[in-house]
Amino acid sequence: MRLSLKHRRPQPSRKINTLQDKGLIEKVRAAGNDQRTVLIEVTKKGSTVYQAVKKAIKKNDLTIEQSDVDGLIAIDE
């Protein structure tokens, strides 16, 4: 993961934690004995935000402000 995201080691974990704190993803421990393996699942809220952003991009409205993201996140709150 570190190489594909081109970040120092803790940054991907911080980003994942931020997405989890916003309710967009969930961390799920994998079955078995290896507790180092964590699966990431998109929540209903995360899927809603993703679909709204995807729709905006398809319409060629590529200007997405932080207030737009905040509004999308607030949909399921």
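Treat the numbers as computed from the prediction; the structure is a model and nothing was measured.

(A) Representation of the environment of Gln20 in the model. Note that Gln20 resides in helix α2 (residues 10-21). For the pair Gln20 and Thr43, spaced 23 residues apart in sequence, the C-alpha to C-alpha distance is 9.2 Å. If near-sequence neighbours (up to four positions away) are discounted, Gln20 is found in contact with Ile25 and Lys27.

(B) Seen up close, helix α3 (residues 44-58). With 15 residues, α3 should reach 21 Å at 1.5 Å per residue; the first-to-last C-alpha distance of 21 Å fits that figure. When we look at burial in α3, the residues that qualify are Lys45, Gly46 and Val49. The buried residues of α3 occupy an angular sector of 100° when the element is viewed end-on, so they sit on one face. Structural note: α3 exposes Lys44, Lys55 and Lys58 on the side pointing more than 90 degrees away from its buried face.

Here is what the cut-offs are and how they apply
Residues numbered from 1 in each chain as written. Predicted model: local features only at pLDDT ≥ 70, side-chain atom pairs only at ≥ 80, totals over all residues. Heavy atoms only, no water. Helix = DSSP H or I, 4+ residues; strand = E, 2+ residues; numbered from the N terminus. Contact = heavy atoms within 4.5 Å. Expected span 1.5 Å × (residues − 1). Buried < 20%, exposed > 50% of the residue type's maximum accessible area, 1.4 Å probe, protein only. Arc of directions from axis to C-beta.

Read these as layout, nothing more, since geometry by itself doesn't imply function.
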